Amino acid sequence: SIRIVGLNKLFSSPDGGTVAAVKDVNLEIGAGKLVTLLGPSGCGKTTLLRMIAGFEEPSSGDIFFGKKRMNEEPPNTRDTAMVFQSYAVFPHLDVFENVAFGLRLRKLPKAEIEERVNRVLEQTGLSGYARRSPNQLSGGQQQRVALARCIVMEPKVLLFDEPLSNLDAKLREQMRVEIRELQQRVGITSIYVTHDQVEAMSISDEIVVMNAGVVEQLGTPHEIYARPASRFVADFIGKANFVPVKILSGDAVDINGVRIGVREMPDLEAGTTVTAVVRPEAIHLAGDKGDFRGTVRRVMFLGNIAEYLVEIEGLGNWLVDSPNPAEAGLFATGDTVFLTPSPSSIHLLR
Ligand code: ADP
Ligand code: MG
């Protein structure tokens, strides 16, 4: 397992000041888990990953692999491997030699190299392509070669820095499933950097949401979605309506004069005003009755859902996702509609 304690990284900026790229990060990553560092561009994901790999020295704080403090350990003895984007594959070597490259550098016996490379080619579905040149492969296959090259070294930790960002959307979806399956099969502790929340949700045991160098929240995809710790997290993971509510007694809140039950009530005094996160898919939309009356201002038909923007008097615009619009039919811009948020999906921010 990996433990990060009070880690900071300061860079000097061109104007002579300093940039805190990573601020007081504390993390524990369990053995065999895949943990994602998720956040917008510039939030410090790559810097944190590079400190774990040993390419960047922390300004303060500690990094442990198991019980061993790694701060002074050079990258090549940390037993980590960084998976780069597919263009990091050597174009002049065939697939087998690309995968064998690191083992040859280590001067391992020929028979062992053969055996390990063949096993990894099989694991990554590349057995039939051993003698192909990378430029005869699809983008997805090249990405698998990049992955195979890392796995064959049998590192203790795999580090991924946005490995799929130069693939098209369809292939990205397919590759993230493959990476996750392979990671689970091989059982290797992995840290995966992405700015794509759907990618993070779909492959992670746990997600570390970062914002401006700080860890905003650490949790399973479900925890982070259902119980975001901050407005930033709620907004970054999925879509959210932010609604001012007043706490009432008896596990309920007042939204614009309407009493709405909530499933989880934080320890707050009645009368307190807080912000609620209401997810667009947790709001029922009807033409005849419901808790709030509104007017449809925008309709987007997305196939599996229809996404509406509904203006509610006194509450502003709410996003509402309705399932199966092809079957249920669509409301039109200007229609009067009624909204009923489901109690279990209202999450109160503290
Ligand atoms: P991310 O990977 O989340 O996009 P980075 O870790 O690359 O973010 O960068 C975090 C912050 O640190 C940014 O403000 C970036 O400009 C700054 N930074 C990163 N590397 C350096 C460096 N070598 N020198 C100065 N500033 C840097
Ligand atoms: Mg980065």
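Remember, predicted model here, so these are calculated numbers, not experimental data.

Rules behind the numbers
Residues numbered from 1 in each chain as written. Chains lettered and ligands numbered in written order. Predicted model: local features only at pLDDT ≥ 70, side-chain atom pairs only at ≥ 80, totals over all residues. Helix = DSSP H or I, 4+ residues; strand = E, 2+ residues; numbered from the N terminus. Buried ≥ 20, exposed ≤ 12 C-beta atoms within 10 Å, placed from the backbone. Contact = placed C-beta atoms within 7 Å. Near = placed C-beta within 6 Å. Nonpolar A, V, L, I, M, F, W, Y, C, P; charged D, E, K, R; others polar. Domains from an automatic or database assignment. Pairing = 2+ DSSP bridges. Axes fitted to C-alpha atoms, helices over the stretch in contact; angles between N-to-C directions. Expected span 1.5 Å × (residues − 1).

### Regarding the overall build of the protein
Argument step 1. Scanning the protein from N- to C-terminus turns up nine helices and 20 strands.
Argument step 2. Seen through its C-alpha atoms, the protein measures out along the principal axes to roughly 75 × 50 × 40 Å.
Argument step 3. Here the protein, with 350 residues, has 36% of them falling under the buried criterion.
Argument step 4. Here the analysis covers contacts within the protein between residues at least 6 apart in sequence; of these, 64% occur between residues at least 24 apart.

### Looking at the site of ligand 1
Argument step 1. Neighbouring ligand 1 are F11, V19, A21, G39, S41, G42, C43, G44, K45, T46 and T47.
Argument step 2. Every element with two or more residues in the shell around ligand 1 is listed here: β2 (18-29) and α1 (45-53).
Argument step 3. Here the shell around ligand 1 gets three residues from one element, more than from any other, and that element is α1.
Argument step 4. Residues of the shell around ligand 1, tallied by class, amount to four nonpolar, six polar and one charged.

### Comments concerning the domain arrangement of the protein
Argument step 1. On domain assignment, one finds that the protein holds domain 1 (2-235) and domain 2 (239-349).
Argument step 2. Taken over C-alpha atoms, the centre of domain 1 sits 38 Å from the centre of domain 2.
Argument step 3. Taken together, the contacts link seven residues of domain 1 with six residues of domain 2.
Argument step 4. The element that contributes the greatest number of residues to the side of domain 1 that touches domain 2 is helix α8 (residues 231-236), accounting for three residues.
Argument step 5. Tallied by class, residues from the side of domain 1 that touches domain 2 come to three nonpolar, one polar and three charged.

### Section: the sheet that holds strand β12 (residues 252-255)
Argument step 1. Taking strand neighbours across the sheet as the criterion, the five strands line up as β13-β12-β11-β14-β20 in an open arrangement whose pairing is antiparallel. A strand with exactly one partner marks an edge of an open sheet, and here the two such strands are β13 (258-261) and β20 (346-349). Ignoring strand direction, the axes of neighbouring strands in this sheet form an average angle of 45°.
Argument step 2. Both strand β11 (residues 241-248) and strand β14 (residues 273-278) contribute to a ladder of six bridges, which runs antiparallel. Paired with V243 across the strands is A276, a residue of β14.

### Focus on the sheet that holds strand β7 (residues 157-161)
Argument step 1. Strand order in this open sheet of six strands is β6-β7-β8-β3-β9-β10, and the pairing throughout is mixed. The sheet terminates laterally at β6 (80-83) and β10 (214-219), the two strands that pair on one side only. Direction aside, the axes of adjacent strands within the sheet are offset by 20° on average.
Argument step 2. Pairing geometry for strand β9 (residues 206-211) and β10, over five bridges, is antiparallel. Counted as the bridge partner of V209 is Q217 from β10.

### Examining the pairing of strand β17 (residues 305-312)
Argument step 1. Of the two faces of β17, only the one carrying A306, Y308, V310 and I312 is buried; I305, E307, L309 and E311 on the other face are not.
Argument step 2. Bridge count between strand β16 (residues 292-301) and β17: seven bridges; the pairing is antiparallel. What sits directly across from V299, in β17, is Y308.
Argument step 3. The turn joining β16 and β17, which pair antiparallel and follow one another in sequence, is formed by three residues; a positive phi near 90° is taken by G303.
Argument step 4. Relative to strand β18 (residues 316-323), β17 is paired through eight bridges, and the arrangement is antiparallel. Bridged to I305 within β18 is P323.

### Here we look at helix α3 (residues 110-123)
Argument step 1. For α3, spanning 14 residues, the distance from its first C-alpha to its last is 20 Å, which sits close to the expected 20 Å at 1.5 Å a residue.
Argument step 2. Structurally, α3 contributes buried residues whose contacts are with α2 (95-105) and α4 (139-151).
Argument step 3. G125 sits one or two residues past α3 and shows a positive phi near 70°.

### Digging into the environment of P74
Argument step 1. When you line up the elements, P74 lands in the loop between β5 (68-69) and β6.
Argument step 2. For P74, a count of 9 C-beta atoms within 10 Å puts it in the exposed group.
Argument step 3. When the C-alpha positions of P74 and G125 are compared, they lie 33 Å apart, and in sequence the two are 51 residues distant.

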